[in-house]
Amino acid sequence: MSGSTKPTTTIEPRPQPGPAGAVDLDAKSLPRHVAIIMDGNGRWARAQGKPRVYGHEHGARNVNPIVTECAKLGIEVLTLYAFSTENWLRSKAEVEFLMGLLLQFLEAELPTMLANNVRFKQIGRREGLSPTVLEMIDRTTAATAGNTGLTLALAVNYGSRAEITDAVRAIARKVKAGELDPSAIDQGVISDHLFTAGLPDPDLLIRTAGEMRLSNYLLWQSSYAELYVADVCWPDFDVVQLHEALRAYARRTRKFGEVVEPRA
Ligand code: IPE
Ligand code: IPE
Ligand code: MG
């Protein structure tokens, strides 16, 4: 990998327009769990004639204000899709850059997480990640384990199909060992074997950069999530855009298969 592809800039929060928190958002209609597919870094960079990694650097910088705002609003869980099991298919240089950026991000963000009472965890397979990345993930997880505010679940080496495959294997092992009766396998048991065990399902799933697909993100958990697609690329998705998504969510009528009259 050439030196030029290494992350070079310090990740600092980007100033956001307007005072955070000065919004007409009703706490009762906020989602408990917001999931975001942070997409469009490459396109954002290309639009400026810059290499893809420039977009990733700006994308990483954009995480801080969104996490901080979710923590301030009292949202319980924020799951951010940072690197998928399929993203290993990208060039070695891009993958290495993203892993370097992840290390830098976790190191830079720890003080903000501690200041905002944010509990960090990774969702995704550990196998495949380097010892350095795993060590940083474990260190950040341990350092924030006692926090009681927002849970920030960073999806790294995450893919729903891998997650469900691993869950099926773990359940099958328990059945084989005589610890679990097949008739006792219900939706709760399956949920408890996913990387997201213990977290509520996403209420609002946001994707940036306009794509109308899930790209292997939280497929089981998002069965009844409200979907929101923002046209802007992730580096441009700011607190104002987040509030727009939250307002759109507040206007939705969730039905979960039942007959529910639309709001007046
Ligand atoms: C999202 O931006 C970041 C990751 C998937 C790591 P992309 O890199 O997918 O950007 P586009 O979609 O190519 O514009
Ligand atoms: C999804 O974006 C993964 C992340 C945002 C980390 P991709 O850019 O990988 O998804 P596709 O390839 O457009 O479906
Ligand atoms: Mg993409």
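Calculation notes
Residues numbered from 1 in each chain as written. Chains lettered and ligands numbered in written order. Predicted model: local features only at pLDDT ≥ 70, side-chain atom pairs only at ≥ 80, totals over all residues. Heavy atoms only, no water. Helix = DSSP H or I, 4+ residues; strand = E, 2+ residues; numbered from the N terminus. Rg over C-alpha atoms; globule rule 2.2 N^0.38 Å. Buried < 20%, exposed > 50% of the residue type's maximum accessible area, 1.4 Å probe, protein only. Areas by Shrake-Rupley, 256 points an atom, 1.4 Å probe, with all protein chains shown as cover. Lys, Arg positive; Asp, Glu negative; His and termini not counted. Charge placed at Lys NZ, Arg CZ, Asp CG, Glu CD. Near = heavy atom within 4 Å. Polar contact = N/O pair within 3.5 Å; in protein donor to acceptor, adjacent residues only side chain to side chain. Nonpolar A, V, L, I, M, F, W, Y, C, P; charged D, E, K, R; others polar. Expected span 1.5 Å × (residues − 1). Bend = angle between axes of the 7 residues up to and from the residue. Contact = heavy atoms within 4.5 Å. Axes fitted to C-alpha atoms, helices over the stretch in contact; angles between N-to-C directions. Parallel < 35°, antiparallel > 145°, perpendicular 65-115°, else oblique. Left-handed = near helix turned anticlockwise from the far one by under 90°.

Asker: Summarise the overall build of the protein; cite the residues concerned and give the values.
Answerer: Scanning the protein from terminus to terminus reveals eight helices and six strands. For 264 residues, the compact-globule estimate of 2.2 N^0.38 gives 18 Å, and the protein sits close to it at 19 Å. By its C-alpha atoms, the protein is 55 × 50 × 35 Å across when sized along the principal axes. In the protein, which comprises 264 residues, the share counted as buried stands at 48%. As presented, the protein carries roughly 13200 Å² of accessible surface, and 54% of it is formed by carbon and sulfur atoms. Of note, the protein has its 30 positive side-chain charges centred 3 Å away from the centre of its 31 negative side-chain charges.

Asker: How would you sum up the site of ligand 1? Please name residues and give values.
Answerer: Looking at ligand 1, the residues that line it are Met38, Asp39, Gly40, Asn41, Gly42, Arg43, Arg52, His56, Ala82, Asn87, Arg90 and Leu98. A distance of 3.3 Å separates an oxygen atom of ligand 1 from a polar backbone atom of Gly40. One of the side-chain nitrogen or oxygen atoms of Arg90 is found 2.7 Å away from an oxygen atom of ligand 1. Expressed as a share of its isolated accessible area of 380 Å², the protein-covered part of ligand 1 is 87%. For the shell around ligand 1, the elements supplying multiple residues, two or more each, are α1 (41–46) and α2 (52–61). For the shell around ligand 1, the element with the highest residue contribution is α1, accounting for three residues.

Asker: Go over the site of ligand 2 with me, naming the residues and quoting the values.
Answerer: In the region of ligand 2, the neighbouring residues are Ile37, Met38, Asp39, Tyr81, Ala82, Phe83, Asn87, Arg90, Arg207, Arg213 and Ser215. Between ligand 2 and Arg207, the relevant distance is 3.4 Å, taken from an oxygen atom to a side-chain nitrogen or oxygen of the residue. Within the side chain of Arg213, one N or O atom sits 2.7 Å away from an oxygen atom of ligand 2. In the complex, the protein chains occlude 79% of the 390 Å² of accessible area that ligand 2 would expose alone. Taken together, the residues that form the shell around ligand 2 break down as five nonpolar, two polar and four charged.

Asker: Any details on helix α4 (residues 92–115)? Residues and values, ideally.
Answerer: Counted at 1.5 Å a residue, the expected span for α4 with its 24 residues is 34 Å, and the 35 Å between its end C-alpha atoms agrees. At Glu109, α4 shows its largest bend, some 45°, and a proline, Pro111, comes one to four positions later. Considered for burial, the residues of α4 that qualify are Glu94, Val95, Phe97, Leu98, Met99, Leu101, Leu102, Phe105, Leu106, Glu109 and Met113. Where α4 is buried, its residues contact α2, α3 (63–73), β2 (77–84), β3 (119–123), α5 (131–144) and β4 (151–158). Downstream of α4 by a residue or two, Asn117 has a phi angle that is positive, lying close to 60°.

Asker: Please provide a residue-by-residue account of the packing of α2 against α4, values included.
Answerer: Here α2 crosses α4 at 20°, and the two axes come no closer than 11 Å. Regarding the angle of α2 to α4, the classification is roughly parallel. Between α2 and α4 lies a crossing of right-handed hand. Contact residues: α2 offers Arg52, Val53, His56, Glu57 and Ala60, while α4 offers Glu94, Phe97, Leu98, Leu101 and Phe105.

Any link to function would need more than the numbers given here.
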